[in-house]
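Structure assessment
Here is what each chain is made of, one letter per residue.
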Amino acid sequence: MSMRRRVLPGFGISLGYTLAYLGLIVLLPLVALAWKATGIGFHGLLQLLASPRTLAALRLSFGGALLAALLNVFLGLLVAWTLVRYRFPGRRLFDALIDLPFALPTAVAGIALTAIYAPNGWLGRWLVPMGIQVAYAPPGVLLAMVFVGFPFVVRTLQPVLQSLARDVEEAAESLGATRAQTFFRVILPVLVPTLLTGFALALARAVGEYGSVIFIAGNIPMRSEIAPLLIVQKLEEFDYAGAAALGVVMLAFSFVLLVLIALLQHWSGRWAERGA
């Protein structure tokens, strides 16, 4: 019997390459990080987590990332729907601008946002007299996180919206369903797994964001200081074990959130299959 010819290598070589790649690029650095964090000791880790400054930074990083991801899901759905379902002048330009946060250096994004929303900026000079301070405050951190995570939701939703069959919507409307009923009962259940994927990507991007946040945040302890900045400060103080421990804490929180989102995706996918 002649052997079947394959374009790609066989299972053994492919699996070995995959495991080696994941081990060297992903698992080995994480193991090294966890090993370095053991230098602080369990008591030192508890002291680090009990510090009000650490708790405030973690609360701002993860709370802001969650809120930014939720906003991006709502805004990203509106933008993706508009770009897919409607034709208007300048549509291709707007579609290209969605990818701007991907290509723009994060430091440049932070400087641009600060120039706009600082107390003497284009919009900040009008917002501050009204009692609305964006730059050097938590709203600025949230704005930067929304900016960097927005393209992930839009680009995740667009292919799914383009593949949706219009005849299903027409069938629902022919049976007397309103536009709202068609969207919430026919379209939205299909989009839920994709929305969760976009939410997870935007959340992961916002949690680890540093460059664009530090410029507009002002880095005021207990108010607008993020956890990645604490890690950098500990590195500058040569507290490598403390920086590694804080990194492990962020890694654990992020891992738990991503596992929960993966479970929600699995549940929503099975629910959508049963509905179909």
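Here goes a summary of the coordinates provided. Counting restarts for each chain, with residues numbered from 1 along the sequence as it is written. Only residues with pLDDT of 70 or above have their local features reported here, since the model is predicted, and side-chain atom pairs are shown and tallied only from 80 upward, although totals for entire chains, interfaces and linings are computed over all residues. Each side-chain value is derived from all of the structure's non-hydrogen atoms; neither hydrogens nor water enter the calculation.

Right, let's talk about the packing of aromatic side chains for a bit. Stacked, edge-to-face and tilted are the three classes for Phe, Tyr and Trp ring pairs, Trp counted by its six-membered ring, which pair at centre distances within 6.5 Å; planes under 30 degrees apart are stacked, over 60 edge-to-face, the rest tilted. Applying the stated criterion to the full structure yields seven aromatic pairs. On the basis of an interplanar angle of 45° and a centroid distance of 6.2 Å, the ring pair of Phe 88 and Phe 94 is categorised as tilted. Think of it in three bands: with a 1.4 Å probe and only protein chains considered, a residue is buried below 20% of the maximum accessible area for its type, exposed above 50%, and partly exposed in between. Residue classification places Phe 94 among the partly exposed residues on the basis of a relative accessible area of 45%. Here Phe 238 and Tyr 240 contribute two aromatic rings whose centre-to-centre distance is 6.3 Å and whose plane-to-plane angle is 80°, an arrangement assigned as edge-to-face. Look at Phe 238 and you get exposed, because its relative accessible area is 63%. Residue class for Tyr 240 comes out partly exposed when judged on its relative accessible area of 40%. Its end group placed over the ring of Trp 81, Arg 85 keeps NZ or CZ at 4.4 Å from the ring centre. Here, over-ring charges are defined by two tests on the NZ atom of lysine or the CZ atom of arginine: distance to the ring centre within 6 Å, and angle to the ring normal within 35 degrees.

Next up on the list: the pattern of salt bridges. The salt bridge definition used is simple: a Lys or Arg side-chain nitrogen within 4 Å of an Asp or Glu carboxyl oxygen. A full pass over the atoms with the stated rule returns five salt bridges. Across the pair Arg 205 and Glu 209 runs a salt bridge whose closest N-O atoms are separated by 2.3 Å. Judged by its relative accessible area of 25%, Arg 205 is partly exposed. Under the relative-accessibility criterion, Glu 209 is labelled buried at 2%. Of the charged contacts in the structure, one is a salt bridge between Lys 234 and Asp 239, with a shortest N-O distance of 3.8 Å. Owing to a relative accessible area of 18%, Lys 234 belongs among the buried residues under this scheme. Taken together, the shared-partner salt bridges connect Asp 95, Asp 99 and Arg 155 into one network.

Here, axes are lines fitted to C-alpha atoms. For helices the fit covers the stretch in contact, and angles between N-to-C directions go from 0 to 180 degrees. Comment: elements are numbered from the N terminus, with helices defined as DSSP H or I runs of at least four residues and strands as E runs of at least two. Viewed as axis vectors pointing N to C, helix α3 (residues 52–85) and helix α10 (residues 179–207) meet at an angle of 135°, and their least axial separation amounts to 8 Å. Between α3 and α10, the angle is such that the two are oblique. In terms of crossing hand, the pair formed by α3 and α10 is right-handed. Residue-level contacts link Phe 62, Ala 65, Leu 66, Ala 69, Leu 70, Asn 72, Val 73, Leu 77 and Trp 81 of α3 to Arg 179, Phe 183, Ile 187, Leu 191, Leu 195, Phe 199, Ala 202, Leu 203, Ala 206 and Val 207 of α10. Between 65 and 115 degrees an angle is taken as roughly perpendicular, under 35 as roughly parallel, over 145 as roughly antiparallel, and anywhere else as oblique. By the definition used in this description, the sense in which the near helix is turned from the far one sets the handedness, with an anticlockwise turn below a right angle giving left-handed and a clockwise turn giving right-handed. By definition, residues are in contact when any of their heavy atoms lie within 4.5 Å.

Looking now at the nonpolar core. In terms of nonpolar packing, the biggest core is built from 54 residues, with Leu 157, Leu 161 and Leu 191 touching the most fellow members. Mapped by element, the contributors of at least two residues to this core are α3, α8 (138–163), α10, α11 (211–217), α12 (227–236) and α13 (240–275). No other element matches α3, which puts 13 residues into this core. Ignoring anything within four residues of it in the chain, the contact list for Leu 161 reads Ala 80, Trp 81, Val 84, Arg 85 and Leu 191. Definition of nonpolar core: a set of buried residues of the types Ala, Val, Leu, Ile, Met, Phe, Trp, Tyr and Cys, connected through side-chain atoms within 4.5 Å.

The subject of this paragraph is the environment of Leu 201. Its place among the elements puts Leu 201 in helix α10. For the pair Leu 201 and Ala 20, spaced 181 residues apart in the sequence, the C-alpha separation amounts to 25 Å. Sequence-distant contacts of Leu 201, defined by excluding residues within four places in its chain, comprise Phe 152 and Thr 156.

Turning our eyes to something else, we now look at the side chain of Ser 224. Counting through the fold element by element, Ser 224 comes out in the loop between α11 and α12. For the purposes of these results, a polar contact is taken to be a pair of N or O atoms within 3.5 Å, where, inside protein, one atom must be able to donate a hydrogen and its partner to accept one; residues adjacent in sequence count only when each atom of the pair is a side-chain atom. In terms of polar contacts, Ser 224 uses its side chain to reach the backbone carbonyl oxygen of Ala 217, at 2.6 Å. Excluding residues within four positions of it along the chain, Ser 224 makes contact with Leu 60, Tyr 136, Ala 137, Pro 138, Val 141, Ala 217, Gly 218 and Asn 219.

In this model, helix α1 (residues 11–37) (27 residues) spans 37 Å end to end at C-alpha, consistent with the 39 Å of a helix rising 1.5 Å per residue. The quantity called bend is, for any residue, the angle between two axes fitted respectively to the seven residues ending at it and the seven beginning at it. Along its length, α1 reaches its greatest deviation from straightness, about 45°, at Gly 23. Multiplying one less than the number of residues by 1.5 Å gives the expected span of a helix.

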